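Here is what each chain is made of, one letter per residue.
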Amino acid sequence: MKDWGYNIGSSFSRVGGGLRSFLSKEGTRSVLATVISILAGLIAGAVLMLIVGLSSENLGGKSAWEGIRIIFGGLFSTGRDAEGALSFGFNSVNMGDMLFRATPLILCGLSVAVAFKTGLFNIGASGQYLAGTTATLFIALSIPQTAMPTWIIWLLAFMGGMLAGALWGAIPGMLKAFLNINEVLACIMTNWIAATLTTWVFDMSNLKNVTEGTKSAYIYKTSFNGVQTPKMGLDKLFPDSQVNGGIIIAIVIAVIVYIVLTKTTFGFELRACGANRHAAHYAGMKDRRNIVLSMAFAGALAGAAASLYWLSGNTEFYWTGAYQSLPSEGFNGIAVALLGASNPIATIFTGIFMSTLSISGLQLRNLTAFNEYITDVIIAVIVYLSAFSLLIKSLLGGKHRRIRVVDTPPPAEAVVNDSGSKPTEATTGKGDEE
Amino acid sequence: MEQTNPYVIEMLNITKEFPGIKANDDITLRLRKGEIHALLGENGAGKSTLMSVLFGLYQPEQGRILKDGVEVKINNPNDATALNIGMVHQHFKLIDVFTVLDNIILGAEDTRCGFLMKKKAREKVMALSKQYGLIIDPDAKVEDITVGMQQRTEILKMLYRDNEILIFDEPTAVLTPQEINELMEIMRNLAAEGKSILFISHKLNEIIAVSDRVTVLRKGKCVGTVNTCDTTKEELSSMMVGRPVQLVVEKDEAKPGEAVLEVRNMSVPSKLHKRNAVSNVSFDVRSGEIVCIAGIDGNGQSEFVEGLTGLEKCSGGTISLCGHNIIRSSIRERSKRGMSHIPEDRHKHGLILDFTLEQNMVLQRYYEPRFQKGGFINFEAIRTYANHLIEQYDVRSGQGSVTRVRSMSGGNQQKAIVARELDREMPLVVAVQPTRGLDVGAIEYIHSQLVKQRDAGKAVLLVSLELDEVMNLSDRILVMYEGEIVGELDPKTTTVEELGLYMAGAKRQERRAE
């Protein structure tokens, strides 16, 4: 595999020095790898729809073509015109809803990404999200509006959600750090504990929506208590949509996470632990503490995702009193992080992309004979491919190998008999065994 | 050796290319029947690649292989076995819980109706054992026998398969001096019985002692083949490195001062069994001297270092560093109190391979005020500092301070660690196997740096498995055997043989209480 990587990489590099240096940039190749994954996923979805369309008597090639157009341009779909043909253009509702849905995805993506950077797989974002949900709703709905200004309630609810998520994330972190229990197992357990706990807590509460008649299986919206994220002018840009200031907060948080990870000593320690726990330990870093902190950090981000979602005030928490399913945001966060190569800034874009895809799914259901589940197929393909993004990256550049050749000037005395290629460092790895 | 002797194996003009690199460039190696032919070269010179080509693991781009003058095609290791080529790997390929006999016949079992014919096999093995003087206990389990006997088992495996061409890949790395001498004797016996031996090594003493001819590789090219009797160690080493190399460390008399490190009755529990891996170890290291802990691998040295540096907890005793008892201190406290540590495993502990060189250079210092302000890293200060170290210690890499350490050569990785640790100017330097896997040039450099530290009044504690290093570099030798210090020797008055006796546990001193 690696050998291919080099060959294709070198044939790329022959194209020209400019392209070569452009391609050999770490960032360029990461972005390209992601774009390739996304395109391949979309194409796979399109091919699937074509197969379904052509093989079905009811659908035919025309509907398949319509479906494909929605998949690629669903965000800009404006419904059907008078002749019944699909029309496209700026759609403020789609755009605003997309940003609203992107908010929790970006934050869950950040949650998973932060853990990845420390070498941990946070599959528990769903549970942390639920913990954040419960805390946020409780605080936002229990403190009477009369007690304090609603913006303070909002702030308390937001902080409470983050804190609850952090605590929930710290549990698998501690199990990992002190008892060496695999964090994936611990996360799956805490996910279901969170689900059951949420059911129980709301069952005991008086927050069940009883005023709106038949809706017995819902918790009040936070707006019921007057607590709502400010729109920050976004409703003017995207009228009639669900958008609010949450997306701006999410983007600010992503930038903060980026700064913490790359510019601070704390981030340096986290990344060191993630890249090589033994070396971090050797260098005197508290590797156990860092693992707990990293999971708490990740949990806080998932908690923030929940807080911002519910504090929008226009969504109600579905609660059946019997069985709480795990929210999909947590798992989609894995896809967002993978696709963004765990770069906090990239998760902003991959989160927005995933949200766009879900809007396309809705349009697909509303406007065509296909249903939105086709977008799940597309997401699945993209996630598979993003897991291959390392391979794609090496196909694009073959970085390590090339550097190894160009690298390491031989001792000055030995250059004499070297004509062109240097066989020196080929076996560096092997040499170390000797 | 008479020139009329036919060559049993001829590798002619072998070229093996890996992407961008010629690992073997037009190499010709001719092995005579009944000779011991040494293959000498630094790490990365192409020895392993060449042997892999002979063993069928790689296909060369160019070149031919002749067996007894007939061209053969070796596509995989089975072809090699069919041509009676056998190999003793550096790391033995034995099953620990099987007996010696089972290991020997494994893969070449004689059966009748599906039942093993062990009796016949045993007779053949014992006959071979007697013929070549390879003493083994056929019914002992491999996990219970010495490394030397394991190696004899490996050799018998080749002989049992009637191999005529025997490849020994760095066979002496794991042996005591006595075992090395035995192995040399065995190799001479085998050659005398008509077997042809290819002996891969970078240890010049052994090559001079046992081989008939030497082929030297450097950077994938064949530098030449010489008769061992016509050459010297110095000539071989300059052929290997491409320039004259100083084989003996130049150093003046040590001028020890105050004790910097005082270890008393230190014990470290074992991770494998209930006994202590290190028990009741006591000694001092004074400023201005290099004290070496010698011993065969696995006698508690690693655990001792882990306990000393704080990687693992000690179960008893005291460690006093510059007057402070640090036995309960964290790694960082020990490091601040005055301990530098060049770790045994540079990939596991020493470096974060996916970090850049500059990040690795401040791995223990990133939190110091000069590199951060209010928790924010001062990248400029780190780069300046890293560049200073890179220049001063001549660490070579592709893109300077922003190179990913993974892409650097082993020697330069180790230089980076040495630079980082020595530049901290700590009164105690703990260097564990600092030259493992490095080539002669890098070894020379690191030795001179350690001597420089000593002369600057630092206390240097060296833990090494390399006898040459122990004898050359140290001012005092402490021998560790089964977790205890069994002897203190003066390298100027002791011999390698005596050291070997201590290392093997055959001899021990009652040490005075310090």
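Model, not experiment: these values are computed from the prediction. (Residues numbered from 1 in each chain as written. Chains lettered and ligands numbered in written order. Predicted model: local features only at pLDDT ≥ 70, side-chain atom pairs only at ≥ 80, totals over all residues. Heavy atoms only, no water.)

**Quick word on helix 9 (residues 301–309) of chain B**
Phase 1: A large share of helix 9 of chain B lies buried, amounting to seven of its nine residues.
Phase 2: Buried residues of helix 9 of chain B: Gln301(B), Phe304(B), Val305(B), Glu306(B), Gly307(B), Leu308(B) and Thr309(B), and no others. (Buried < 20%, exposed > 50% of the residue type's maximum accessible area, 1.4 Å probe, protein only. Helix = DSSP H or I, 4+ residues; strand = E, 2+ residues; numbered from the N terminus.)

**Re the pattern of salt bridges**
All names here are of chain B.
Phase 1: Here the structure, examined in full by the defined rule, presents 39 salt bridges over all chains.
Phase 2: The salt bridge involving Glu170 is made with Lys47; its shortest N-O contact spans 3.7 Å. Taken together, the residues Glu170 in the loop between strand 9 (165–169) and helix 6 (177–192) and Lys47 in helix 1 (residues 47–54) connect sequence positions 123 residues apart.
Phase 3: Judged by its relative accessible area of 7%, Glu170 falls in the buried class. (Salt bridge = Lys/Arg side-chain N within 4 Å of Asp/Glu carboxyl O.)

**Concerning the sheet that holds strand 22 (residues 459–464) of chain B**
Residues and elements named next belong to chain B.
Phase 1: Taking strand neighbours across the sheet as the criterion, the six strands line up as 18-21-22-15-23-24 in an open arrangement whose pairing is mixed. The strands lining the two open edges of the sheet, one partner per strand, are strand 18 (339–342) and strand 24 (484–489). Strand after strand, the sheet turns through a mean of 20 degrees between neighbouring axes, direction not considered.
Phase 2: Where strand 15 (residues 290–294) lies against strand 23 (residues 476–481), four bridges are found, and the strand directions are parallel. Looking at strand 23, one finds that Ile293 is bridged to Leu478.
Phase 3: Contacts from helix 17 (residues 496–503) reach strand 15, strand 23 and strand 24 within the one sheet, and its direction differs from that of strand 23 by about 35 degrees. (Pairing = 2+ DSSP bridges. Axes fitted to C-alpha atoms, helices over the stretch in contact; angles between N-to-C directions. Contact = heavy atoms within 4.5 Å.)

**Some words on the domain arrangement of chain B**
Residues and elements named next belong to chain B.
Phase 1: The domain architecture assigned to chain B consists of domain 1 (7–241) and domain 2 (259–338 + 426–503).
Phase 2: Inter-centroid distance (C-alpha atoms) of domain 1 to domain 2 is 34 Å.
Phase 3: Interface of domain 1 and domain 2: buried area, both sides summed, is about 880 Å²; carbon and sulfur atoms make up 58% of it.
Phase 4: Interface area lost by domain 1 to domain 2 is led by Asn43, Pro177 and Gln178, which between them contribute 43%.
Phase 5: Between domain 1 and domain 2 we count zero salt bridges in total.
Phase 6: At the surface where domain 1 touches domain 2, the tally comes to zero residue pairs in polar contact (both at pLDDT 80 or more).
Phase 7: Where the side of domain 1 that touches domain 2 is concerned, the elements lending two or more residues are helix 6 and helix 8 (233–241). (Domains from an automatic or database assignment. Buried area = accessible area lost by both parts, 1.4 Å probe. Polar contact = N/O pair within 3.5 Å; in protein donor to acceptor, adjacent residues only side chain to side chain.)

**Comments concerning a nonpolar patch on the surface**
All names here are of chain A.
Phase 1: The grouping of Val31, Val35, Leu39, Ile43, Val47, Ile51 and Phe72 at the surface amounts to a nonpolar patch, some 620 Å² of accessible area in total.
Phase 2: The element best represented in the nonpolar patch is helix 3 (residues 26–55), accounting for six residues.
Phase 3: Within the secondary structure, Val47 sits in helix 3. (Patch = residues over 30% accessible without salt bridge, like charges linked within 9 Å, V, L, I, M, F, W, Y side chains within 5 Å. Areas by Shrake-Rupley, 256 points an atom, 1.4 Å probe, with all protein chains shown as cover.)

**Quick notes on the environment of Asp26(B)**
Residue and element names in this part refer to chain B.
Phase 1: Residue position: Asp26 is located in strand 2 (residues 21–32).
Phase 2: Linking Asp26 and Cys222, residues 196 residues apart in sequence, is a C-alpha distance of 7.5 Å.
Phase 3: Apart from the residues within four sequence positions on either side, Asp26 is in contact with Asn13, Ile14 and Thr15.
Phase 4: Among the polar contacts listed, one links the side chain of Asp26 to the side chain of Asn13, at a separation of 2.8 Å.

**Thoughts on the pairing of strand 10 (residues 196–201) of chain B**
Residue and element names in this part refer to chain B.
Phase 1: In terms of burial, strand 10 is a largely internal element, six of the six residues being buried.
Phase 2: On strand 10, burial covers both faces: Ser196, Leu198 and Ile200 on one face and Ile197, Phe199 and Ser201 on the other are all buried.
Phase 3: Relative to strand 10, strand 3 (residues 36–41) runs parallel, the two sharing five bridges. Residue pairing across strands places His37 opposite Leu198, the latter belonging to strand 10.
Phase 4: The pairing of strand 9 with strand 10 spans five bridges and is parallel. Looking across to strand 10, one finds that Ile167 is bridged to Leu198.

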